[in-house]
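Given next are the chains, with one letter for each unit.
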Amino acid sequence: MERGFDEAKCRQLAGSLLARYDREGRDLPWRRTRDPYRIWLAEIMLQQTGVKTVLAYYARFLERFPTIQSLAAAELEAVLSIWQGLGYYRRARHLHATARQVSDELGGRFPETCEAMGRLPGIGPSTAGAILAIAFGQHQAILDGNVKRVLARLLALETPPDAPAGKRILWEQARRLTPRERPGDYAQAIMDLGATVCSPRRPACPSCPWQGDCAACRLGRPDLYPVRLARMPKPRKYQFQALVTRPDGRVLLLPNRDATLLGGLWHPPGDEPGGSPTPPEAQIVRRHLAEAFGIDVATPLPLEAVTHTFTHFHLTVFPFLCSWQAGEPPEASGGRWIDWRLDRHTPLATLHRKVLARLG
DNA sequence: AAAACGGGGTG
DNA sequence: CACCCAGTTTT
């Protein structure tokens, strides 16, 4: 299974890929710089989202935080406010932590070895390789989702790329194929190929510089690769959330201080997600607000349910409109009354924007 | 409604 | 190495 291409063939493959990239590669903002800060930021954003979505966030982020020092100096909440809607918020926290580490402990410069780079929060083997190759011109391989797909097809790999054996094989082949000349352009070129030509569903094999050497294409079924691991179905969970509104329209929101769970973002009060698929009685919601926050509301009014899919489960939220009558949240809860439509400083996850939108 | 995509962290 | 991470987009 470890078979691959000999050295001469690898050089030829890299050459034809680079030629395609030079001719037809997309012109993207992070390809117009060698600033490690800008390349790092792009790689982190691209871990989780397509190019189209990242473009808008990337421009806004750099406008607000043009240097790693400005990012390091910012409050986490300001970073999350720019990041909100992109999802996977832990990566924004890692981004902030790495900015502080590089700025405060490393003299503002990214480390230039794979080991040191990989110790920074949010940077693993593939992202480390990408930054080292693209920003510093080092001979380093990458193995992101695009590269996994391209190489799995090139080799007609029968092992799932996400299985330990598949990863080992693909990392080895990725290293063999990475040229000593222009390793950074090669990294961009193979990601570009995977995103545009060797796409997940309908690869455009006639446009591919590797068509003549691709085992999956020769078999006539490039779509059968990469072989997927079976996935566990996502469980469904349910919870209520109380939209406690003041006469002036402001809503009670609470900060999430749990470092691992949407840390730093805000949400309406509610119960823990659980297994019961029916909305609670209004009096349950009312009692929850009284007991947890000492807040008295008029009879909660059920609103249309909101469904949202997360990484590992589907969630249905039963929102309740609760008109505030008396009481203030205890200091320790950190609760704030927020005009969520106008507020620019209170970061919310997409789910909670959807729930608040039920207020009309 | 279901499937596919996605890379790093943690113990 | 197995499991986890408060999503999005396509079909």
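Everything quoted here is computed from the prediction, not taken from an experiment. Residue indices follow the written sequence of each chain, beginning from 1 at its first position. Chain labels run from A onward and ligand labels from 1 onward, assigned in the order the entries are written. In view of the model being predicted, local features appear only for residues whose pLDDT reaches at least 70, and side-chain atom pairs are presented and counted only at 80 or more, with totals across whole chains, interfaces and linings using the full set of residues. With hydrogens and water excluded, all non-hydrogen atoms of the structure serve as input to the side-chain values.

In this section: the pattern of salt bridges. By definition, a salt bridge exists where a carboxyl oxygen of Asp or Glu is found within 4 Å of a side-chain nitrogen of Lys or Arg. All told, the structure shown has 17 salt bridges when counted by the stated rule. Measuring nitrogen to oxygen at the nearest pair gives 2.9 Å for the salt bridge that ties Arg182 to Asp185. Ionic contacts of the salt-bridge type, sharing partners, join the residues Arg20, Arg26, Arg31 and Asp192 into one network.

Time to look at the packing of aromatic side chains. Aromatic contacts are taken between Phe, Tyr and Trp rings whose centres are within 6.5 Å, Trp giving its six-membered ring; a plane angle under 30 degrees counts as stacked, one over 60 as edge-to-face, and the others as tilted. Counted according to the given criterion, the structure contains eight aromatic pairs. The interplanar angle of 85° and the centroid separation of 6.4 Å between the aromatic rings of Phe61 and Trp83 together place this pair among those described as edge-to-face. In this pair, Phe61 sits in helix 3 (residues 51-64) while Trp83 sits in helix 5 (residues 76-83), placing the two residues 22 residues apart along the sequence. The pair Phe61 / Trp83 is uniform in exposure class, with both members buried. Ring centres of Tyr238 and Phe318 lie 6.4 Å apart, and the angle between their planes is 10°; this geometry places the pair in the stacked category. Pair noted here: Tyr238 is in strand 1 (residues 236-245) and Phe318 is in strand 7 (residues 314-326), with a separation of 80 residues, a long-range link. With a 1.4 Å probe rolled over the protein chains alone, any residue whose accessible area is under 20% of its type maximum counts as buried; one over 50% counts as exposed, and the rest are partly exposed. You can call Phe318 buried: its relative accessible area is 10%. Site record: aromatic cluster; members linked through ring pairs are Tyr37, Trp40 and Phe110. Looking at Arg91, its charged tip hangs above the ring of Tyr88, at a distance of 5.2 Å from the centre. Working definition: helices are DSSP H or I runs of at least four residues, strands are E runs of at least two. Numbering for both runs from the N terminus. In this analysis the charged atom, NZ for Lys or CZ for Arg, is taken to sit over a ring once it is within 6 Å of the ring centre and within 35 degrees of the ring normal.

Among the structural elements, Ser199 can be located in the loop between helix 11 (183-196) and helix 12 (215-218). Residue Ser199 is classed as buried on the basis of its relative accessible area of 16%. Polar contacts here mean pairs of N or O atoms no more than 3.5 Å apart (in protein, one a potential hydrogen donor and the other a potential acceptor; neighbouring residues in sequence count only if both atoms are side-chain atoms). Here Arg202 takes part through its backbone oxygen, which lies 3.3 Å from a polar atom of the side chain of Ser199.

Once that is clear, we can look at the domain arrangement of chain A. Along its sequence, chain A is organised into domain 1 (7-224) and domain 2 (236-359). Here the C-alpha centre of domain 2 lies 37 Å away from the C-alpha centre of domain 1. Contacts between the two partners involve eight residues from domain 1, matched on the other side by 17 residues from domain 2. When domain 1 packs against domain 2, close to 900 Å² is buried across both sides, 45% of that on carbon and sulfur atoms. In this entry, domain limits derive from an automatic or database-based domain assignment. Contacts were defined at the residue level, with two residues in contact if any of their heavy atoms lie within 4.5 Å. Two parts placed together each lose some accessible area under a 1.4 Å probe, and the buried area is that loss summed for both.

The UniProt record marks residues 45-196 with the feature "domain: HhH-GPD" (unreviewed entry), using the residue numbering of this structure. Segment residues 45-196 splits into 66% helix and 0% strand. End C-alpha atoms: 18 Å apart. UniProt positions are given in the numbering used here, feature names are shortened, and annotations may be inferred rather than shown by experiment.

With that out of the way, let us pick up the pairing of strand 2 (residues 251-255). Taking burial as the measure, the five residues of strand 2 include five buried ones, the bulk of the element. Alternating residues of strand 2 divide into Val251, Leu253 and Pro255 and Leu252 and Leu254, and every residue in both groups is buried. Two strands pair when backbone bridges link them, and strand 2 and strand 8 (residues 336-338) are joined in this way by three bridges, in the antiparallel orientation. Its bridge partner lying in strand 8, Val251 is registered against Ile338. Sheet topology note: the strand 2/strand 3 (residues 266-267) ladder contains two bridges and is antiparallel. Residue Pro255 lies in a different strand from strand 3, and its bridge partner there is Trp266. A strand pair is defined by DSSP finding two or more bridges across the two strands.

For the rest of this paragraph, the subject is helix 8 (residues 125-136). Think of an α-helix as 3.6 residues a turn; residues three or four steps apart then line up on the same face. For a helix, the expected span equals 1.5 Å multiplied by the residue count minus one. With 12 residues, helix 8 should cover 16 Å at 1.5 Å per step; its first-to-last C-alpha distance of 16 Å lies within 8% of that length. Burial analysis of helix 8 places 10 of its 12 residues in the buried class, which makes it a mostly covered element. Packed against the buried residues of helix 8 are helix 2 (36-46), helix 7 (114-118), helix 10 (164-177) and helix 11. Directly after helix 8, the chain includes Gly137, whose backbone phi takes a positive value near 70°.

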